Amino acid sequence: MPEIKVTPLGAGQDVGRSCILVSIGGKNIMLDCGMHMGYNDDRRFPDFSYITQNGRLTEFLDCVIISHFHLDHCGALPYMSEMVGYDGPIYMTHPTKAICPILLEDFRKITVDKKGETNFFTSQMIKDCMKKVIPLNLHQTVQVDDELEIKAYYAGHVLGAAMVHIKVGSESVVYTGDYNMTPDRHLGAAWIDKCRPDILISESTYATTIRDSKRCRERDFLKKVHETIERGGKVLIPVFALGRAQELCILLETFWERMNLKAPIYFSTGLTEKANHYYKLFITWTNQKIRKTFVQRNMFEFKHIKAFDRSYADNPGPMVVFATPGMLHAGQSLQIFKKWAGNEKNMVIMPGYCVQGTIGHKILNGQRKLEMEGRLSLTKKLCRNNNNKTCSHQGSESNHHLLDVKLQVEYMSFSAHADAKGIMQLIRMAEPRNMLLVHGEAAKMEFLKGKIEQEFNINCYMPANGETETVTTNPSVPVDISLNLLKREMALGGPLPDTKKPRTMHGTLIMKENSLRLVSPEQALKELGLNEHQLRFTCRVQLQDPHSDSDTLHRIYTHLKSVLKGYTIQHLPDSTVMVESIVIKLSSSAEDPNTKVLLLSWSYQVIDLSYSQC
């Protein structure tokens, strides 16, 4: 039987570093190639040595597909293609192709220029990597080669995010990446065909969460921001450059306008302009409301939100700052957090998921004393020597220090991931034969796995990183059924075929131009210009009986009448017994009159009944 193998190189029972290896129909596909926000060592990138110990990945992979531009899904791409070695096709949507290199370059600057790390990809490597990208359009079937085809579907989540349907022959897999089943202020809800894949590989970030009303969450968010501003405090909202940032900016812009508030709102320098540019460029990826009002008013041009300069962080008085990145693991958001952490008037609102190891994850779990790292710095100190002369010496000193967190910490989920209800909704939409969970925490996945198996009666898998799940597939062959055959089935009182309740239908299978049709025998003969032939089977049975031939046949007739009450049984004058269309004849053996020979003859239509007689 054919098999599909799925191996997470990242995001197996973990959130971050998404990288899933799928082997289907002799093809190997890498789904996403992300980095882990919580690590700065070898665990930051997926372990590509699983694919090959030496040599380039090009020989082992048929293609790479990137679901969206978040770094935990694309952050390792230049490392994989330029440093490990991959020259094959990389597929992503047009918005992802436009935004991905900007975020990769920001990530490189923070890692190399600010943290001083070596052995990292360069700006040129990012450019070379992006030259290998082939853009995808939604609902367009792309032939990767003669056998492998892929099709992208709208995933919500962030601008350009896509789910991908991968097909080789009759086997198929759907990979969701990150998706959201609820529309928001600037993006629509995820959607996919009822494609019935062999495996649906779904994220499970919020596997045990059912979110409350979005309106309640928005009201609570605005209330907390307003209260902090009123008491003279500062609000830090760590976000990623595109996605939740725009959602919350639209929300605050509307609130500031309505309440006539004067406290400044700032957004990380440069990112607002870039975000506006891409939302204008890819307006068709936003929701219906934004597309309709775009000509009159661009929702992404904000009157109350200004570009942020790092000197503003020391300004007195209230303010709201959107700063990147969203998990407080580096960059401007972390710098501002360090400055504001010591004042209980201030507040940090975490609007999305934070992976383990990040500052965001630590403060959300109640940690109030944080050991902060910095680079080693050279210090020059003056001293007096024994002769009372001034001298100087240099020494290195570490910036390790404890940070007291006194500001208020709030978690308000504006995350654009599907919750448990949304995941179940997608399963109903796609109707997969098997389910596989990635991008989630093990305990939460286990709970959701049980719910899926119970409700949908399908197998659900949740492999850890480096573990391979092998799923045996039952290839289905699509067959069209003629309308006449369906009408005949209805006339006989049978229900119409139902995909959820399969039933047997009798007809003639015709193959024409690589497509199959099930039609009535009469229609098949007519279409193919053939004559009907009657095919009959014969069975020879010997039995010992001292009675005459006519007596023996009469006894057989009487016995059949008593055991086959629902059938038409006749004793004909030519010494023949008929059960429906089955003919029974009897003769005596020439050598021994007590040995009777029964000959049974039947057509293929009544084969079950005839075998029961034999």
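Computed from a predicted structure; not experimentally measured.

Student: Before we go on, may I ask you to explain the domain arrangement of the chain in this structure?
Tutor: When the parts of a complex come together, some accessible area is lost, and that lost area is often taken as the interface size. By the assigned domains, the chain splits into domain 1 (3-210 + 415-472), domain 2 (214-372 + 400-411), domain 3 (480-492 + 506-528) and domain 4 (536-612). A C-alpha centroid distance of 90 Å is found between domain 2 and domain 4.

Student: Got a minute to help me understand the packing of aromatic side chains in this structure?
Tutor: The description of two aromatic rings rests on the distance between their centres and on the angle between their planes. Going through the model one piece at a time under the given rule, you end up with 17 aromatic pairs. When the ring of Phe221 is compared with that of Phe414, the centres are 5.3 Å apart and the planes differ by 75 degrees; the resulting orientation is edge-to-face. Taken together, the positions of Phe221 in helix H5 (residues 214-230) and Phe414 in the loop between strand S21 (408-411) and helix H11 (420-430) put the pair 193 residues apart, joining distant regions of the chain. For Phe414, a relative accessible area of 6% corresponds to the buried category. Grouped by ring-pair contacts, the aromatic residues Phe45, Phe48, Tyr79, Phe107, Phe120 and Phe121 constitute a single cluster. Sitting over the ring of Phe45, Arg44 keeps its end group 6.0 Å from the ring centre.

Student: So what exactly am I meant to see when it comes to the pattern of salt bridges here?
Tutor: When their charged atoms lie close together, side chains carrying opposite charge are able to pair. Here the structure, examined in full by the defined rule, presents 25 salt bridges. A salt bridge links Asp145 to Lys27, with the shortest nitrogen-to-oxygen separation between them at 2.9 Å. Here Asp145, found in the loop between strand S7 (141-143) and strand S8 (148-154), pairs with Lys27, found in strand S3 (residues 27-31); they are 118 residues apart in sequence, far enough to count as distant. Since its relative accessible area comes to 11%, Lys27 is described here as buried. Residue Arg108 pairs with Glu105 through a salt bridge whose shortest N-O separation is 2.9 Å. Taken together, the residues Arg108 and Glu105, both in helix H3 (residues 94-114) and 3 residues apart, mark about one turn of the helix. When its relative accessible area of 17% is taken as the criterion, Glu105 is described as buried. Taken together, the salt bridges that share partners define one network made up of Arg56, Glu82, Asp87 and Lys132.

Student: Could you clarify how one ought to interpret the UniProt feature "domain: Metallo-beta-lactamase" (unreviewed entry) in the chain in this entry?
Tutor: The feature "domain: Metallo-beta-lactamase" (unreviewed entry), as given by UniProt, occupies residues 16-210 in the numbering adopted here. For residues 16-210, the end-to-end C-alpha separation is 21 Å, with 22% helix and 25% strand making up the annotated structure.

Student: Quick question: what am I supposed to make of the nonpolar core here?
Tutor: Burial of nonpolar side chains together is a common tendency in soluble globular proteins. In terms of nonpolar packing, the biggest core is built from 129 residues, with Ile201, Phe337 and Ile363 touching the most fellow members. With 7 residues, the top contributor of residues to this core is H3. Here this core spans two domains, and each of domain 1 (3-210 + 415-472) and domain 2 (214-372 + 400-411) adds at least three residues to it. In this view, Ile201 contacts Val6, Ile20, Val22, Leu31, Val173, Val174, Tyr175, Thr176, Leu436 and Val438; residues no more than four positions away in its chain are not counted. Grouped together as the second largest cluster of nonpolar side chains are 29 residues, Leu222, Leu252, Trp256 and Met347 included.

Student: When you look at the side chain of Lys234 in this model, what are you seeing that I'm missing?
Tutor: Position of Lys234 among the secondary structure elements: in strand S12 (residues 234-238). This buried residue, Lys234, is left without a salt bridge; Asp314 holds the nearest opposite charge, at 8.2 Å. Of note is the side chain of Lys234, whose polar atom sits 3.0 Å from the backbone oxygen of Gly317. Excluding residues that lie within four positions of it along the chain, Lys234 makes contacts with Thr228, Ala313, Asn315, Pro316, Gly317, Met319, Trp340, Lys345, Asn346 and Met347.

Student: Teacher, can you tell me more about unusual backbone geometry here?
Tutor: Keep in mind that most residues, glycine aside, have a negative phi and that most peptide bonds are trans. Following Thr324, the chain continues to Pro325 via a peptide bond in cis, the omega torsion being -5 degrees. Among the secondary structure elements, Pro325 is positioned in the loop between strand S15 (319-323) and helix H9 (331-340). Here the phi dihedral of Gln13 falls at roughly 55 degrees; this positive angle occurs in a residue that is not glycine. One can find Gln13 in the loop between strand S1 (3-10) and strand S2 (19-24). For Gln13, a relative accessible area of 30% translates into the label partly exposed. For Asn119, which is not glycine, the phi torsion reads 55 degrees and is therefore positive. Here Asn119 lies in the loop between H3 and helix H4 (123-130). Asn119 sits in the exposed class, given a relative accessible area of 65%.

The rules behind each value
- Residues numbered from 1 in each chain as written.
- Predicted model: local features only at pLDDT ≥ 70, side-chain atom pairs only at ≥ 80, totals over all residues.
- Heavy atoms only, no water.
- Domains from an automatic or database assignment.
- Phe/Tyr/Trp six-rings, centres within 6.5 Å; stacked < 30°, edge-to-face > 60°.
- Helix = DSSP H or I, 4+ residues; strand = E, 2+ residues; numbered from the N terminus.
- Buried < 20%, exposed > 50% of the residue type's maximum accessible area, 1.4 Å probe, protein only.
- Lys NZ or Arg CZ within 6 Å of the ring centre and 35° of its normal.
- Salt bridge = Lys/Arg side-chain N within 4 Å of Asp/Glu carboxyl O.
- UniProt positions renumbered as here; feature names shortened; annotations may be inferred.
- Core = buried A, V, L, I, M, F, W, Y, C linked by side-chain atoms within 4.5 Å.
- Contact = heavy atoms within 4.5 Å.
- Lys, Arg positive; Asp, Glu negative; His and termini not counted.
- Polar contact = N/O pair within 3.5 Å; in protein donor to acceptor, adjacent residues only side chain to side chain.

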